[in-house]
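# Close look at the chain arrangement
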Amino acid sequence: MSGSWIAGRADPTGSAPRLFCFAHAGGGGAFFHPWRTALRPHVEVCPVVLPGRESRGRETPYTRMGPLIEDLADGLAPHLDRPYAFFGHSLGSIVAYETARLLRDRGATGPAALLVSGRRGPYAPTDRPAVHHLPDEEFLAEVTGLGGTPPQVLRQRELLRLFLPALRADYELNETYRPVPPPAPALTCPVFAYTGDADPLASPHQVARWREVTSGDFLLRVFPGDHFYLKEAPDGLMTALRTALSTVHRESTTAQRPLRTVGT
C-alpha cells in the first residue's frame, strides 16, 4: 500500500498529544475534520485514511483484519513519536483496538488511552445477519438507514459506484472479524467507551463490554442520539474527549475500576 495513512500531514514540530481517529464503515478522514478545530491546540487530531477512499480511492480496500492491522501499524509507526491515543467509531473501534493490541505484541509503546464509540465490545454477541454479500440494492437498503452515507453519494449513481466497493469491503471486514480470546485482558491503558442512547447497533449494555479488553480504568458515557450522534463535533463529546485525553499525560492504572455509566 502506497498512500498515506494520515489525512493531511502530522505536525512534526508540535508537542500536543496525537489522537488517531478511525472512521466507521465507508468513512474517511473528512468525517473528523471538524474535530481538528474543536480540539486544537491541546490535541492534534490525525484522521486515519484506509485504502479505497478519499486520497486512496484507487487502492484496494481490505476485507480481513489481520493484513489490515499489520500494514496499518507499519504506516503509523513514524507518527508514534509522542504521547498518543486512538479513537474509533463503529468499525473503527475494532480497527483501533486490534492495532493497539498488535503494537503491544510488537513491544512498541501503545496508545495512552483507547476511545471507542458506537460499537459493541469485541466479545459481545450480535444477532444481526451478515449483509456484505447481498446484491447492491439490498445491501444499500440495509446500510443507508443508519445515516452515515452522504446524501450526495446516494443521489448520484457515479459517486455511488465509486463509494460502494469500500463500503462493502468494510462490512466484510467487520462481519468476518473474530477476536482472539486472550487469557487475560489484552490492554492496560484506560478505555473510554461512548454511544448514543438511540443507537440501534450499540446499546449501552453492549458497549459496556469494552471493559473486558483492559486491566486499566474504564468509563462508559452515553449521549443523546443515534449511531451518528458524534457528527460535527458536538460540544458534549468534545468535552468528554478533552477529559479523557488528559490521561495521555498520566500513567494508566493496573487494576480494573468499577464500571461507571454517565448520561447526558
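Residues numbered from 1 in each chain as written. Predicted model: local features only at pLDDT ≥ 70, side-chain atom pairs only at ≥ 80, totals over all residues. Heavy atoms only, no water.

### Describing the packing of aromatic side chains
For clarity, the threshold we go by: The criterion for an aromatic pair is that two Phe, Tyr or Trp rings (for Trp, the six-membered ring) have centres within 6.5 Å, with stacked assigned to planes under 30 degrees apart, edge-to-face to planes over 60 apart and tilted to the rest. Counting as a charge over the ring demands two things of the Lys NZ or Arg CZ atom: a distance within 6 Å of the ring centre and an angle within 35 degrees of the ring normal.
By the definition in use, this model includes 14 aromatic pairs. Through a chain of ring-to-ring contacts, three or more aromatic side chains come together here, namely Phe31, Phe32, Trp35, Phe87 and Phe228. Stacked on the ring of Trp5, the Lys or Arg Arg56 has its end atom at 4.2 Å from the ring centre. Taking the ring centre of Phe139 as reference, the NZ or CZ of Arg168 above it sits at 4.6 Å.

### Some words on the environment of Val49
The test is simple: By the criteria applied, helices consist of DSSP H or I runs no shorter than four residues and strands consist of E runs no shorter than two, each listed in order from the N terminus. When checking whether two residues touch, look at their non-hydrogen atoms; a contact exists if any pair is within 4.5 Å.
Relative to the elements of secondary structure, Val49 occurs in the loop between β2 (44-47) and α2 (65-76). Excluding anything up to four places from it in sequence, Val49 contacts Ser4, Trp5, Ile6, Ala7, Gly29, Glu54, Ser55 and Arg56.

### Some thoughts on unusual backbone geometry
Across the chain, the bulk of peptide bonds are trans and the bulk of non-glycine residues have phi less than zero. The linkage connecting Arg40 with the following residue, Pro41, adopts the cis geometry, with an omega of 5°. Relative to the helices and strands, Pro41 resides in the loop between α1 (33-39) and β2.

### A closer look at helix α3 (residues 91-105)
Stated formally: Given the number of residues in a helix, its expected span is that number minus one, multiplied by 1.5 Å. For every residue, the accessible area (1.4 Å probe, protein chains only) is compared with the maximum for its type, and the residue is labelled buried under 20%, exposed over 50%, or partly exposed between those bounds.
Given a rise of 1.5 Å per residue, 15 residues ought to cover 21 Å, and the 21 Å separating the end C-alpha atoms of α3 matches this to within 8%. Among the 15 residues in α3, 13 count as buried, and that is most of the element. In the segment just after α3, Gly107 is the residue with positive phi, at about 80°.

### Considerations on empty space enclosed by the protein
The following threshold applies: Residues are called lining when one of their atoms sits within 4 Å of a cavity or pocket point, these points coming from a 1 Å grid over the protein atoms alone, where a cavity is a set in which a 1.4 Å probe fits but cannot get out and a pocket is an open set with protein on both sides within 12 Å along at least five of seven lines. Grid points are joined across faces, edges and corners, and a volume is the space filled by probe spheres set on the points. Residue polarity is assigned by list, with Asp, Glu, Lys and Arg as charged and Ala, Val, Leu, Ile, Met, Phe, Trp, Tyr, Cys and Pro as nonpolar; anything else, Gly included, falls into the polar class.
The final tally for this structure, using the stated rule, is 2 cavities of 30 Å³ or more. Forming the boundary of the largest cavity are 13 residues, of which Phe22, Ala23, Gly27, Val48 and Leu50 lie nearest the centre. No other element matches the 3 residues that α3 contributes to the lining of the largest cavity. Considered class by class, the residues forming the lining of the largest cavity number 7 nonpolar, 4 polar and 2 charged. Roughly 30 Å³ of internal volume is contained in the second largest cavity. Contributing to the lining of the second largest cavity are Leu50, Pro51, Arg53, Pro61, Tyr62, Leu68, Asp170 and Leu173. Tallied by class, residues from the lining of the second largest cavity come to 6 nonpolar, no polar and 2 charged.

### Quick notes on α2
We count it as follows: Picture the helix axis, draw a direction to every C-beta atom, and the arc is the one those directions span.
The terminal C-alpha atoms of α2, which comprises 12 residues, lie 16 Å apart, in line with the 16 Å expected from a rise of 1.5 Å per residue. Regarding α2, the residues found buried are Met65, Leu68, Ile69, Leu72, Ala73, Gly75 and Leu76. On an axial view of α2, the arc spanned by its buried residues comes to 160°, and they lie on one face.

### As for the pairing of strand β4 (residues 114-117)
Which entries qualify depends on this criterion: Any two strands with at least two DSSP-identified bridges between them are counted as paired. Crossover handedness is defined by viewing with both strands directed away from the observer: a clockwise path from the first strand over the helix to the second marks the crossover as right-handed.
Going residue by residue along β4, you find Leu114 and Val116 tucked away on one face and Leu115 and Ser117 tucked away on the opposite face as well. Here strand β3 (residues 84-89) pairs with β4 via 4 bridges, running parallel. Bridge pairing in β4 places Gly88 opposite Val116. In this fold, the crossover linking β3 to β4 by way of α3 has right-handed handedness.

### Some points on the side chain of His132
Going by this rule: Two N or O atoms form a polar contact when they lie within 3.5 Å of each other; inside protein one atom must be a possible hydrogen donor and the other a possible acceptor, and for residues adjacent in sequence the pair counts only when both atoms belong to side chains.
If you trace the backbone, His132 turns up in the loop between β4 and α4 (136-143). Here Glu175 takes part through its side chain, which lies 2.6 Å from a polar atom of the side chain of His132. With near-sequence residues (within four places) excluded, His132 lies in contact with Phe139, Arg168, Tyr171, Glu172, Glu175 and Thr176.

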